[in-house]
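Overview (structure and organization)
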Amino acid sequence: MRLIALLTLAGGLALFVLGIRQAADGLRRLAGDAMRRVIGQLTNNRVMGLFVGVVATLVFQSSTATTLLLVGFARAQLMSLHQAMGILLGADIGTTITVQLVSFHVTDYALGLVALGVALSLFKNSPRVRSLGQVVLGFGLVFYSMTLLVGATGELRSSSVFRALIGSLQENPLLGLVAAAVFTALVASSAATLGVVLALAQAGAIDLEGALPMVLGANIGTTSTALLAAAGGGPTAKRVATAHVLFKVAGVLVVLPFLHPFATLMRHTAEAPIHQIANAHTLFNCGVGLAFLPLTRLGAWLLYRIHRETPEERPFAPRFLDARALREPALAYAAAKQEVLRMADIVIGMLRMAMAPFFLKDERAIEMLEHEDDKLDLLNKEIKFYLAKVTQVEAAPGTSWQELHLVAVVTHLEFIGDVINKNLMELAAKFQRKALCFSTEGQQEIHDLHAKVLENLELAIQALRHDDAEAARKVLRHETKIGEIEKELTQSHLRRLHAHTLETFETSSIHLELLTSLRWINHYTAQIVAPLSQVPPAAALG
């Protein structure tokens, strides 16, 4: 019987974890993409960040998923570190809602929810209904697993070994805290650990004083997901993960000496121990969130000194294409977009440097731009390969538009890089080899056109970064205007040529090809944001 009880306990725990993941997958398909946009856009202050963190965790049901997003946004400078810290505090509060749901006696309806979830999942022609069915099925499994956990715990209470184990955990709070932290790290779910604790309490195997250290341990153990997500992710990722650890550990250190008063307070919140434990978990995380929210700027200052920026010593490689995000299409597209924006920054740097070989006679610039173009080639290949992997996962409705747009953006960025490296730098090599000089008027015209094309490219990347439809339309208007300017400058050059200006005659072919190349760069710039100017429904990159 005890062997069967142990198997039931293990099976119930596995069913609990499976149910949480099923519900999370369904919620992410229903609202994950919208939630990702909210995280990127509605974090202008700490209070809003806290609220967004609560909602995000309800949607993603995973601190790892939230951390991946925060790391990507922070590294792309779409939010400051102190804003990311506010979202983390809110995420910790969001985790308590699932535990509160589990604490209520809904096990009688668990199998009904399973049946309803399966029925809704059969709607093949409606992805949203199918996703809703997955959510219902997931919570049905969670509630049914509680029945198994409570039953198995009741059976094991007759075991002297089990009683001795639980007794030692209750008598030694520090041991209970460490055991819960380790168990949470192993199963990568604080909800699963707290589900077991609630089952023990409901079966009468553990009291409130024995459960509280385990609640605190589960809160520390859940930081392991953030640490794993940050492994090898650079200083920004480590700052976010370290912030998560510091919040939890500091909160535990404050509460641990006052376990008995804390237990007395919790007894006044509810009659049943299972609700008292859930309330303790909620109060702890709400207290940590409210206590540390005003200190996020100070915390960010400290973390920047703990994890300092270091020169990139490793070979150039993609920075944001995290394989762990591939399981969640919304997260994967967010990661891919960060890499695309990194590629765009390289292209902007190349265009800024493109005139140096002509105006400053800088021979090193040609070699440097060729090296930068090699980086673009690598990112072009890796981003497209990564996006191809995303399509192998069932995505939320509307996400296929994101893939097509990102692939198009990468292609056009690659085209701009090729124009700079192949067209402009071949002209530059010829220009330097023949020791040519532009006329004063001609050089000023090229300088002005280059500045306008660069400004339009920078505006396009800002529109891409923030999904700004108005900025995208402005880029398209600028493309037309710059095209007209290029024609006027061509006519101006031809007039100087007819006037037999020596410098104009010697540099004529290079001058005209330069103008044409800048026009092509401007054309590809407009293509980057053309889809954004129309803003397809249910589609966004941010």
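Our subject is the structure that appears above.
Reference entry: report on the structure contained in this document. (Residues numbered from 1 in each chain as written. Predicted model: local features only at pLDDT ≥ 70, side-chain atom pairs only at ≥ 80, totals over all residues. Heavy atoms only, no water.)

1. Brief notes about the overall build of the protein
Helix and strand content of the protein: 23 helices and zero strands. A burial count over the protein gives 55% of its 542 residues as buried. Here the analysis covers contacts within the protein between residues at least 6 apart in sequence; of these, 82% occur between residues at least 24 apart. Here the protein displays about 24100 Å² of accessible surface, and carbon together with sulfur accounts for 62% of that area. (Helix = DSSP H or I, 4+ residues; strand = E, 2+ residues; numbered from the N terminus. Buried < 20%, exposed > 50% of the residue type's maximum accessible area, 1.4 Å probe, protein only. Contact = heavy atoms within 4.5 Å. Areas by Shrake-Rupley, 256 points an atom, 1.4 Å probe, with all protein chains shown as cover.)

2. Quick word on the packing of aromatic side chains
Throughout the structure, instances matching the rule amount to seven aromatic pairs. A centroid spacing of 5.5 Å and a plane angle of 45° characterise the contact between Phe247 and Phe292, whose relative ring orientation is tilted. One end of the pair, Phe247, is in helix H12 (residues 234–255); the other, Phe292, is in helix H14 (residues 273–292), with 45 residues separating them in the sequence. The partly exposed category is assigned to Phe292, whose relative accessible area is 22%. Taken together, Phe358, Phe431 and Phe438 form an aromatic cluster joined through their ring pairs. (Phe/Tyr/Trp six-rings, centres within 6.5 Å; stacked < 30°, edge-to-face > 60°.)

3. Description of helix H15 (residues 296–306)
Buried residues of H15: Thr296, Gly299, Ala300 and Leu303, and no others. Take H15 and look down its axis: the buried residues cluster within an arc of 100°, on one side only. More than 90 degrees from the buried face of H15, the exposed residues found are Arg297 and Leu298. (Arc of directions from axis to C-beta.)

4. A look at the packing of helix H4 (residues 81–103) against H14
For any two helices packed against each other, one specifies the inter-axial angle together with the distance between the axes. Running from N to C, H4 and H14 point in directions that differ by 170°, and their axes come no closer than 9 Å. With respect to their mutual orientation, H4 and H14 come out roughly antiparallel. Listed contacts from H14 to Leu89, Asp92, Ile93, Thr95, Thr96, Val99, Gln100 and Ser103 of H4 are Ile274, His275, Ala278, Asn279, His281, Thr282, Asn285, Cys286, Val288, Gly289 and Phe292. Tallied by class, the residues present in the contact of H4 with H14 amount to eight nonpolar, ten polar and one charged. (Axes fitted to C-alpha atoms, helices over the stretch in contact; angles between N-to-C directions. Parallel < 35°, antiparallel > 145°, perpendicular 65-115°, else oblique. Nonpolar A, V, L, I, M, F, W, Y, C, P; charged D, E, K, R; others polar.)

5. Looking at unusual backbone geometry
Although it is not a glycine, Ala435 sits at a positive phi angle of roughly 55°. Note that Ala435 resides in the loop between helix H19 (399–433) and helix H20 (440–466). On the basis of relative accessible area, Ala435 is assigned to the exposed category, the value being 60%. Of note, Asp467 is a non-glycine position whose phi angle comes to about 50°, a positive value. Considering the arrangement of structural elements, one finds Asp467 in the loop between H20 and helix H21 (469–498). With relative accessibility at 18%, the residue Asp467 sits in the buried group.

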